Each structure stands twice: as structure tokens, then as C-alpha cells.
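Fold and geometry: a report
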Amino acid sequence: AKLDGRNTYRFFTPEMRAQSLRALQLENALRRALERNELQLHYQPQVRIRTGRVHSVEALLRWNHPKLGAISPAEFIPVAEDTGQILQIGEWVLRSAVQQLRDWRAAGLTDLKVAVNLSAIQFHQPQLPDLISQILDASCVPPEALELELTEGVAVDDPRAATATMDQLRARGVRLSIDDFGTGYSSLSQLKRFQIYKLKIDQSFVQDLDHDGNDRAIVSAIIRMAQALGMQTTAEGVETEAQLQFLRDMGCDEAQGYYFSRPLPPDELLQFLQSRQVP
Ligand code: C2E
Ligand code: CA
Ligand code: CA
Ligand code: CA
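Description of the structure in this document. Just so you know, these numbers come straight off a predicted model, no measurement behind them.

1. Here we look at the coordination of the calcium ion (ligand 3)
Looking at the calcium ion (ligand 3), the protein donor atoms are Asp179 (OD), Asp180 (OD), Glu236 (OE) and Glu236 (OE), and they sit 2.2 to 2.5 Å from it. Counting the intervening residues between successive donors of the calcium ion (ligand 3) yields the motif D-D-x55-E. In this model, the calcium ion (ligand 3) sits 3.9 Å from the calcium ion (ligand 2), the two metals being bridged by Asp179. You can see Asp179 sitting in strand β6 (residues 175-181) and its partner Glu236 sitting in the loop between β8 (232-235) and α11 (241-250), a full 57 residues away along the chain.

Structure (C-alpha cells):
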């Protein structure tokens, strides 16, 4: 509802004012961030629970501003989505992650894959499939080495359009994952139609596995459902041996979290992988 001018001030609390000033500040700073090389990607391993091997890593944005310091993607991605800056940033993320993957593959990690987070705004761009093919072709990385992480939200408004886009992306050979699974609204029939490769179980269900029977029930149900539909499962936010043990017992395929490693800059990730496994 729109407020009339007279009443507006009542609803614009000092807290809201501070929030919108911060958003404006971030918006202005973001405009320069790409030119000034302030954005970086860190990478977090996704570990096969049965073998302990790492088949893929997730790219996660890091922004270090000279004056504002480190700003979390949880804070600046929503700002970039509001302003449309996410398109330019998202394209930079795709290019950088694919180039990095090419370098790692050339350095001997020949089967490694990379997962990239896609904003719903990127997902709804009609040019997205062409952009992705072009980026992959330019670096000679095979499409199946790229996983795109989407949230359940992309399908809410217009499931038919979403299905069409997913079909197009899959036709290019890339793999689709559903991020933060369990927190959104996707139905089982949608999941089946989307031909999703991997479900990433949201960390909110993983956190309390040790003492919350409901979370254990939810996680084991997700894993069984994914298995029945032929999808892989990755548990996010795994921090303890007990969580890992439960996930192993339930037949979860992969685990990702601080128990194995924080997201690392590229050189440290390479060291991590080389110390763990012969390529
Ligand atoms: P996400 O995609 O769900 O990423 C997982 C988040 O959990 C990351 O936070 C990661 O650092 C954190 N994490 C990993 N393991 C653990 C753990 O064991 N315990 C805990 N407590 N946390 C863990 P991060 O890097 O701060 O990213 C936050 C969110 O920002 C991401 O959530 C994603 O939604 C968004 N994001 C990050 N990079 C990108 C990007 O390149 N593009 C887009 N569109 N969004 C991004
Ligand atoms: Ca993700
Ligand atoms: Ca997630
Ligand atoms: Ca998340």
C-alpha cells in the first residue's frame, strides 16, 4: 500500500533510514568494485562422503572494500539484485569461475567441476543460455563441469517459463542444482519435471541434526526422495563428525562445510586438494 505524503514520516524510522543509507552506500561502492578488482571468488570443496574425494567446488563471492572492509555476499547480493548490478557481477562470476576451473584442470585436476550460484534475475535473462555456452566455449571447459545453483524461488512465479529455461540450460550440457533445498516451495512434480541433477540440503536442517529429531526426519526424507527421483544430494553447512556420520548412514552423497574446509582462495584450495588426493 502506498502511503500519502503526510503520513510517510511516521513509517520511516531511524533504523530504516540507516538501512537505506547503507544500501545506497553499497550501491555506489559496488559500481566501482569490478573496475577496482575488489571482488574475488573463494572456493569450498564438496566432499563425496563414501570416498572422501572432492569432485566439485562451489564458488562464493568475496568483497573487500578498502574503506568499508569485508562485506558479506548475504548483504551485498540483495542490493545488487535491487539495482540490476547483479547482471554484470554475475557474468564476472561465471567467467572467473570457468577460467579458474580451466587453469586447475590444466594443472592436473582434470575431472574437477565448479558450482556457481545464479541469482533469479540472471536466470530470467533470455540471453543466459547463450552467455554460458559462449563462456564455456571460450575456455574449452566441457559443459558438464559447470553446475548452476538455483534456488527454489526461480520457479515460483512462472513455473512454465522456468521449465523452459531449465530445459535450454540442460540442452547446453550444464548441470542444475537446487540450493537451500527445503526452505522454498518446490513441489515434487516440479522437481521431476526440472530434471534437477543435485539437491543441496539447506544448512538450517543440518545444523541441529544431533539434537533435533524433526530435522533428522526431514533430512532423511529429502535424501530418500532424491534417491527415488534419481538426484544427487549434498548437505550444506556440515561442521561436526556426528552430522557427517548421520548423513553417511542416510546415504547422502556429498557434504560441504567447515568440518572439511572453509571457502578458500584459489591457491589455498589447490593446496588443500593436492594434499588430500592424487589427481
Ligand atoms: P549459499 O549459496 O547457501 O552458500 C553457503 C554459505 O554457507 C556460504 O556463505 C558459506 O561460506 C557458508 N558456509 C559454508 N560452510 C559452512 C558451515 O559449515 N557453517 C556455516 N555456518 N556456514 C557455512 P557466504 O559465502 O557468506 O555466502 C552467502 C550467500 O551469498 C550464499 O549462500 C549465496 O546465496 C550468496 N552468494 C555467494 N556468492 C554468490 C554469487 O557468486 N552469486 C550469487 N547470486 N549469490 C552468491
Ligand atoms: Ca550455493
Ligand atoms: Ca545453500
Ligand atoms: Ca543460502
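2. Digging into the site of ligand 1
Taken together, 21 residues lie around ligand 1, and Gln44, Arg62, Asp179, Glu239 and Tyr258 are the ones closest in. Separating an oxygen atom of ligand 1 from a side-chain N or O atom of Asn117 is a distance of 3.1 Å. For ligand 1, the protein covers 82% of the area, taking 810 Å² as the surface of the free molecule. Those elements giving two or more residues to the shell around ligand 1 turn out to be β2 (54-65), α3 (73-83) and β6. Considering every element that reaches the shell around ligand 1, the biggest residue donor is β2, with 4 residues. Per-class residue counts for the shell around ligand 1 are 9 nonpolar, 6 polar and 6 charged.

3. Things to note about the packing of helix α2 (residues 14-33) against α3
In the contact formed by α2 and α3, the axes pass within 10 Å of each other and the chain directions differ by 80°. Here α2 is positioned roughly perpendicular relative to α3, judged by the angle of their axes. For the pair formed by α2 and α3, the contact residues are Arg22, Ala23, Leu26, Glu27 and Leu30 on the first element and Glu75, Phe76, Val79, Ala80 and Thr83 on the second. Within the contact of α2 with α3, the residues separate by chemical class into 6 nonpolar, 1 polar and 3 charged.

4. Considerations on the coordination of the calcium ion (ligand 2)
Those protein atoms acting as donors to the calcium ion (ligand 2) are Glu58 (OE), Asn117 (OD1), Glu149 (OE) and Asp179 (OD), and they sit at 2.1 to 2.3 Å. Ordering the donors of the calcium ion (ligand 2) by residue number gives the pattern E-x58-N-x31-E-x29-D.

5. Concerning helix α6 (residues 128-139)
The end-to-end C-alpha distance of α6, which contains 12 residues, comes to 17 Å, matching closely the 16 Å that a straight helix rising 1.5 Å per residue would cover. Every buried residue belonging to α6 is among Leu128, Pro129, Leu131, Ile132, Ser133, Ile135, Leu136 and Ser139, and all of these are buried. The inward-facing, buried residues of α6 contact α4 (86-106), α5 (120-123), β5 (146-151) and α7 (159-171). Backbone geometry just after α6 places Cys140 at a positive phi near 55°.

6. Re the pairing of β6
Within β6, 5 of the 7 residues are buried, which leaves the element mostly enclosed by the surrounding structure. The pairing of β5 with β6 spans 5 bridges and is classified as parallel. Following the sheet pairing, Glu147 is matched in β6 by Arg175. For the segment spanning β5, α7 and β6, crossover handedness is right-handed. Read as a crossover between parallel neighbours, the route from β6 over helix α8 (residues 188-194) to strand β7 (residues 198-201) is right-handed.

7. Re α3
Every buried residue of α3 is accounted for by Phe76, Val79 and Ala80. Buried residues of α3, viewed axially, fall in a sector of 100°; they line one side. With respect to the buried face of α3, the exposed residues turned more than 90 degrees away are Ala74 and Asp82. Against α2, β1 (39-48), β2, β3 (69-71) and α4 lie the buried residues of α3. Residue Ser72 occupies the N-cap position of α3, its side-chain oxygen lying 2.9 Å from the main-chain nitrogen of Ala74. Taken from the residues just after α3, Gly84 is the one with a positive phi, measuring 85°.

Calculation rules
- Residues numbered from 1 in each chain as written.
- Chains lettered and ligands numbered in written order.
- Predicted model: local features only at pLDDT ≥ 70, side-chain atom pairs only at ≥ 80, totals over all residues.
- Heavy atoms only, no water.
- Donors = N, O, S within 2.8 Å, 3.2 Å for Na, K, Ca; no water.
- Helix = DSSP H or I, 4+ residues; strand = E, 2+ residues; numbered from the N terminus.
- Near = heavy atom within 4 Å.
- Polar contact = N/O pair within 3.5 Å; in protein donor to acceptor, adjacent residues only side chain to side chain.
- Areas by Shrake-Rupley, 256 points an atom, 1.4 Å probe, with all protein chains shown as cover.
- Nonpolar A, V, L, I, M, F, W, Y, C, P; charged D, E, K, R; others polar.
- Axes fitted to C-alpha atoms, helices over the stretch in contact; angles between N-to-C directions.
- Parallel < 35°, antiparallel > 145°, perpendicular 65-115°, else oblique.
- Contact = heavy atoms within 4.5 Å.
- Expected span 1.5 Å × (residues − 1).
- Buried < 20%, exposed > 50% of the residue type's maximum accessible area, 1.4 Å probe, protein only.
- Pairing = 2+ DSSP bridges.
- Right-handed = clockwise from strand over helix to strand, strands pointing away.
- Arc of directions from axis to C-beta.

These values are about where atoms sit, not about what they do.
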